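Secondary and tertiary structure notes
What follows is the residue order along each chain.
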Amino acid sequence: IKSLVALGGSDLYWTVTMGGWYRVFTSVLLHAGLSHLLMNLLSLYLMGKILEHLIGPRWFLAVFFIGGLSGAFLSMGLNSPRMIGVGASGAIMGLIGAGCPIAFQLKKDVDSSRLKSYLFQLLILNILPLRHGHGGAQIDYAAHFGGALMGLVLGCLLAVLWGSPKYAYQWEGLGKVLAFGMGAIYLIAVGFGVAGYFHLRQTL
């Protein structure tokens, strides 16, 4: 727990009370262990194969970054003030949530029906408290829900703006600004996290 705090995990106390604003960003990039990291990498890869060709790489990154941020905020708001949140699950849930309304814009055929069913199954399985963590860790369902909710909002917005996935690149500029802007903020936050790491390791 002390290592996660020093590295930039987020909770209400360290993020708000102690002014560590950067934690809502760095917590998305941190993971509780190798298995946690590998599972999220696999999920990200699978969602990339499904969603990236529909909305483009820039919007894919933008939804990932914004979904992760939303998940981190809801995690702090709903969980214990001293529960340390880490992981990209909220960001990945944002991608799943965004994929659901976008899937309804596809031409109705067997493949699109399977995609809708698959996405909704993933969405439900990851926001209902049906599983438990390993090694003393807990699954942060608040972060899952926060990411999924933001993803649904973004997905609905994109579906309305585009009208159809074939018009996706009309909004490429906005996606580029969001992707690179959020990416820059995440990198700045990582810089703050690195700067505070050694001090916190000595004082915790």
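So, here is what we can say about the structure in this document. (Residues numbered from 1 in each chain as written. Predicted model: local features only at pLDDT ≥ 70, side-chain atom pairs only at ≥ 80, totals over all residues. Heavy atoms only, no water.)

1. Side note on helix H4 (residues 34-78)
The terminal C-alpha atoms of H4, which comprises 45 residues, lie only 26 Å apart, well short of the 66 Å expected from a rise of 1.5 Å per residue. Taking the largest bend as the criterion, H4 deviates by roughly 115°, centred on Gly56, and proline Pro57 comes between one and four positions later. (Helix = DSSP H or I, 4+ residues; strand = E, 2+ residues; numbered from the N terminus. Expected span 1.5 Å × (residues − 1). Bend = angle between axes of the 7 residues up to and from the residue.)

2. Remarks on the packing of aromatic side chains
Centre-to-centre distance and the angle between the planes together describe a pair of aromatic rings. Counted by the stated rule, this structure contains eight aromatic pairs. Connected via pairs of aromatic rings, a cluster forms that spans Trp21, Tyr22, Phe25, Phe64, Phe65, Tyr186 and Phe192. The positively charged end of Arg82 is found above the aromatic ring belonging to Tyr13, 4.1 Å away from the centroid. (Phe/Tyr/Trp six-rings, centres within 6.5 Å; stacked < 30°, edge-to-face > 60°. Lys NZ or Arg CZ within 6 Å of the ring centre and 35° of its normal.)

3. Some details on the environment of Val16
In this structure, Val16 sits in helix H2 (residues 12-17). You can call Val16 exposed: its relative accessible area is 54%. The spacing of Val16 and Met76 is 60 residues in sequence and 9.3 Å in space, taken between C-alpha atoms. (Buried < 20%, exposed > 50% of the residue type's maximum accessible area, 1.4 Å probe, protein only.)

4. A closer look at the packing of H4 against helix H5 (residues 89-103)
At a closest axis distance of 8 Å, the pairing of H4 and H5 adopts a crossing angle of 50°. The angle between H4 and H5 places the two elements in the oblique class. For H4 against H5, the interelement crossing comes out left-handed. Classifying every residue of the contact of H4 with H5 by side-chain character gives 14 nonpolar, nine polar and no charged. (Axes fitted to C-alpha atoms, helices over the stretch in contact; angles between N-to-C directions. Parallel < 35°, antiparallel > 145°, perpendicular 65-115°, else oblique. Left-handed = near helix turned anticlockwise from the far one by under 90°. Nonpolar A, V, L, I, M, F, W, Y, C, P; charged D, E, K, R; others polar.)

5. A closer look at the nonpolar core
In this structure, Met47, Leu51, Ile55 and Leu119 are the most contacted members of the largest nonpolar core, which totals 48 residues. Counting residues per element, the ones that place at least two in this core are helix H1 (2-7), helix H3 (23-29), H4, H5, helix H6 (110-127), helix H7 (141-162) and helix H8 (172-203). Ignoring sequence-local partners within four residues, the contact set of Leu51 consists of Phe60, Leu95, Gly99 and Ile102. (Core = buried A, V, L, I, M, F, W, Y, C linked by side-chain atoms within 4.5 Å. Contact = heavy atoms within 4.5 Å.)

6. A few points about the state of the cysteines
Under the defined criterion, the tally for this structure stands at zero disulfides. Counting only cysteine sulfurs, Cys156 is the nearest neighbor of Cys100, a cysteine outside any disulfide, at a range of 9.3 Å. A relative accessible area of 39% places Cys156 in the partly exposed class. (Disulfide = S-S within 2.5 Å.)

7. A short note on the side chain of Thr15
Relative to the assigned elements, Thr15 resides in helix H2. A polar contact is formed between the side chain of Thr15 and the backbone oxygen of Asp11, at a distance of 2.8 Å. In contact with Thr15, not counting residues within four places along its chain, are Ser10, Gly20, Trp21, Arg23, Val24 and Met76. (Polar contact = N/O pair within 3.5 Å; in protein donor to acceptor, adjacent residues only side chain to side chain.)

8. A few points about the environment of Leu122
Checked against the element boundaries, Leu122 lands in helix H6. Classification of Leu122 as partly exposed rests on a relative accessible area of 21%. In this structure, the C-alpha to C-alpha distance between Leu122 and Met93, residues 29 residues apart in sequence, is 8.6 Å. Setting aside anything within four residues of it in sequence, one finds Leu122 in contact with Met47 and Ile96.

9. Here's the deal with a nonpolar patch on the surface
On the surface, Trp21, Ile185, Ile188 and Phe192 cluster together into a nonpolar patch covering about 370 Å² of accessible area. Checked against the element boundaries, Ile185 lands in helix H8. A residue is classified by how much of its surface remains accessible, and Ile185, at 34% relative accessible area, is partly exposed. (Patch = residues over 30% accessible without salt bridge, like charges linked within 9 Å, V, L, I, M, F, W, Y side chains within 5 Å. Areas by Shrake-Rupley, 256 points an atom, 1.4 Å probe, with all protein chains shown as cover. Salt bridge = Lys/Arg side-chain N within 4 Å of Asp/Glu carboxyl O.)

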